[in-house]
Structures are given as structure tokens and as C-alpha cells.
Amino acid sequence: MEQRATRADILAAIQEIPLLSPSASRLLQIASREDYDIDEIIEVVKCDSALTARLLKTVNSVAYGLVHQVTSIDRAVSYLGERLVAGIALEDSAKALFNKELKGYEGPAGELWEHDLRTAVAAREITRHCTTDLSKDLAFTAGILHAIGKAVLSDFLHSSATELLAEIDSHDINDYLEGERNILGMDHTEAGFELAKAWELPESLQMAIRYHHTPQQAPEQYRPLVYAVHLGCIIAMMSGSHSSDALQYHLDKHYTDYFNITNEHIAMALLEVNESVGVIQAALSEGRELSE
Amino acid sequence: MGNIILGVGELGATNNSADCVKTFALGSCVAVILMCPKTHTVGMVHVALPESKINPDKVKTRPGYFADTGISALLKKMTTFGCDPSGRGFIVKLAGGARIMDPNNTFNIGKRNALAVKKTLWKYSLGAVAEDLGETYSRTVTVSVATGETLITSPGRKDWKI
């Protein structure tokens, strides 16, 4: 029988993952602050010619259908929004992770990025119903990053999906996280958290990654954000997912401490996810092809 | 053999026996499959939400998005293949309507989708001969026009038929 990886193997693998580009790292730092200025974002982009080209190609893509071509990076950033700019920089910087085939979850290449994008859009929508102040840009960025640990664990979860699902169906284990921990001594939220620390991501993003399936365990000051990502991830799974862990997690009912959400709001968020993700994906894909 | 692939809110029909009608990764969405034995036509609509009143404008561009408008739009589409617009004699199958793990059934859009689909079908005196609804897994549905066989696949699970 094949020897399964240990926790130490996974931690070692995380240390081997390349760091984010300086631009992506800086954009995430800026976007995680509440008081940032859009000019700070523009300055970072201007210093990165490849990112500048990618943003201009994306904003001028057929998917956005703008009548007049955007030629200045200031206008491109304004149009795309800070959240998407950070997302594009992140995807560019870590595309091998975001777009890899999720063999351990029986998910095709691109599945992780699509789920992350769906979560980001849903989390952004959900911030409308937060009972405290919560940045929609931060929720979007946290949504993009929340499941990055799956890209790490996927390589170690060889042929485990059928076994894990059978255990969940027979109530031997509580959810997919418990299954991951039983096999590897670590679940994907912890793997993602370790990677986020290695990448020196802002603490708010680290917390969203670590606790997106167990938001009640997050430090109090980060809970609105973490619950937004928790709900966003659930809405993303409801909207469709190609991986074996889809819908194999629990809803934390304490979301009502921070959000005032009805079934209609969830339906609206689902609608927004289905509408926006297709447009964003098409624009990014066109921008990517033209940049290469 | 060709595949007619339907995205969210899309509908389609074919009477080409070499075709399959397919939709991917249903979460809370419901695939409504209509088969007309007389014309050997298979139609499918990928319903995302129960009621169109949430966004009436969407109905104009994508009526299949909603249970209350999608089924009538599919029946209309199937008339172009010579099918009875009332759906009389059709075989109906349903799949999807999944939910997150939650004993309180909060946000159970999947269940609401399934109920809204059934309610609309009743208006046409139609009921499903086979269904695979609810539960907590994603479903990809493929219907063979030649055999009417409806195959469901889900990552990490054995395939099954309804």
C-alpha cells in the first residue's frame, strides 16, 4: 500500500512554493487596509509592466464591451476595481497553483480558480447584508485566496475522495476537513494558512483562509470577514462545483450574529455569481491570451 | 455522437439519436429532462432559481433560469421538433437540488428549486417518473437521445442512472 504523506511532508512542500510577486504581495497588503487610496494601487501597477499590459488587455477585452479603448492604467484600475486588480495580480503570480488540476479532489484544471472567483463574488455580495462595517474589496480578495490550501493538499490526497465521501455518508466523520486531517494530519484550511504565513499575507487574509469553514473559531475582530467568506464559499458550492468536496462542509449558524440574510438575498447572490463570473473569466482569459 | 451542453439557465432539445444532452456540476440547480416518445425528442433545462419575480428582466434573455418560466420555454422549444405543446405523454426526469450540510435546512435553495419545478410540472399534469434530488453532492447529468438513459456522475462517487 502506498505510504501516505505526513504533516511534515506537507509543511516542507509549502516552503518550496514560490513566493508571490512583489506587485501581488504589495497589492494585497494595500487592499487589506481600510484607509488605502486608489493611487497607491495605481502606483504599484505602473511599476510592473507585465501587470500593466495584462490589465489593459483585460479591460479592453470583448467581454467588457467598452465603446472606447482604455489606454491609461488609471482608468483601467478604476474600471476593473481594486479588488479585481489584486485578483489578477494574484492569479498571474501564482497561476500554477490556482489553475492546477486538483487530482486529490478529482477536480479538473481551473476548478480551484473558478471556485475562488465564485466565492469572491458571493462574499462581495454578502457584505451588503453585514450588520457591521465590512469592506467588499477585502471580502472579494479573501474569497480569491480562501481555498488555496486545496492546491497544496491535492497532491497528497491520492485516490482518497471515494473513501472520504463514504465516511461522510455513513457519518463516521463530520465533514471533508475531518477526512483530510485523518489522512494527512492537516486539513486544507491549515495548509492554506501555513502558505499564507509563508507568503506574509495580511493577518485578515490569513484568518479568512484558516477559518472559512469554522468561522466561530476566528478571532472576534475578523469574524465578519471570515463569515462573509464562509457564506461566499457555500454559495459558490451551491452554484456548482466539480470537486469531490463540494457541499461536504457545514453551515455555521452563528452567521446571524454578523449578517442579516434572507433566502432572497442568497438567491440574488447566486444570480450575481452566475452573471459576473462568466464575464470576469472571459475577460481574464482574453487578457491572458493577448498578453502571452 | 454530439453533445448538447447546457450552462446555467440554458435549455435545449434534440431529436438526433446520435446526440447526448448534458449539463455540468449541478449544485442547488435542478435539471428538468423532458422526453417526447412520439418524436424521440429529448429536452433539458438547467433551472437555477425557483421564481422569476426576483429578476423579471432576466426572463427575456434566459427564461430557463427560473422554474416558473423555464419549463414552459422548454415545452415551446420542443414544439419545433413536432412535440405536443401541452407536454402530454412526455416522460419527465429530475436531478439536482443539492444542499449544504445543515440540519436546519437554511438557505435550501435546492429544495425550493425542486418544489417550484414540481409545482410548474403539475400545471401541465406532468410528474417525474424518476428523480435524484436533494442530498449534499454535485451532479453532472447526461441524457442519451437514443436510449433515454440518464447518467449521473459526481466526483469521487460511482456513476448511477435514473
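Structure shown above.
Residues numbered from 1 in each chain as written. Chains lettered and ligands numbered in written order. Predicted model: local features only at pLDDT ≥ 70, side-chain atom pairs only at ≥ 80, totals over all residues. Heavy atoms only, no water.

1. A few points about the overall build of chain A
Link 1 in the chain: Of regular secondary structure, chain A possesses 16 helices and zero strands.
Link 2 in the chain: Expected size for 292 residues packed as a compact globule is a radius of gyration near 19 Å; at 19 Å, chain A falls within 12% of this value.
Link 3 in the chain: Within the span of chain A, comprising 292 residues, buried residues form 60% of the whole.
Link 4 in the chain: For chain A, the accessible area works out to roughly 11800 Å², and carbon and sulfur atoms hold 47% of it. (Helix = DSSP H or I, 4+ residues; strand = E, 2+ residues; numbered from the N terminus. Rg over C-alpha atoms; globule rule 2.2 N^0.38 Å. Buried < 20%, exposed > 50% of the residue type's maximum accessible area, 1.4 Å probe, protein only. Areas by Shrake-Rupley, 256 points an atom, 1.4 Å probe, with all protein chains shown as cover.)

2. Quick word on the interface of chain B and chain A
Link 1 in the chain: Taken together, the 28 residues of chain B in the interface contact 37 residues of chain A.
Link 2 in the chain: When chain B packs against chain A, the two sides together hide about 2700 Å² of surface, and 64% of this comes from carbon and sulfur.
Link 3 in the chain: It is I100, M101 and F107 of chain B in chain B that bury the most area against chain A; as a group they hold 30% of the surface buried on that side.
Link 4 in the chain: Here chain B and chain A share two salt bridges between them.
Link 5 in the chain: A salt bridge links K58 of chain B to E275 of chain A; its shortest N-O distance comes to 2.1 Å.
Link 6 in the chain: Linking chain B with chain A are ten residue pairs in polar contact (both at pLDDT 80 or more).
Link 7 in the chain: At the level of elements, β3 (20-26) and α3 (109-123) of chain B are the ones that each hand at least two residues to the side of chain B that touches chain A.
Link 8 in the chain: Split into classes, the residues belonging to the side of chain B that touches chain A amount to 14 nonpolar, nine polar and five charged. (Contact = heavy atoms within 4.5 Å. Buried area = accessible area lost by both parts, 1.4 Å probe. Salt bridge = Lys/Arg side-chain N within 4 Å of Asp/Glu carboxyl O. Polar contact = N/O pair within 3.5 Å; in protein donor to acceptor, adjacent residues only side chain to side chain. Nonpolar A, V, L, I, M, F, W, Y, C, P; charged D, E, K, R; others polar.)

3. Remarks on the nonpolar core
Soluble globular proteins: nonpolar side chains tend toward being buried together.
Link 1 in the chain: Grouped together as the largest cluster of nonpolar side chains are 128 residues, with contacts concentrated most on L55, L145, W199, L201 and F259 of chain A together with L49 of chain B.
Link 2 in the chain: Setting aside chain neighbours within four positions, we find F259 of chain A in contact with I126, T127, H129, C130, T131, L134, P224, Y227, A228 and L231 of chain A.
Link 3 in the chain: V30, C36, L74 and A116 of chain B belong to the second largest nonpolar core, which has 20 residues in total. (Core = buried A, V, L, I, M, F, W, Y, C linked by side-chain atoms within 4.5 Å.)

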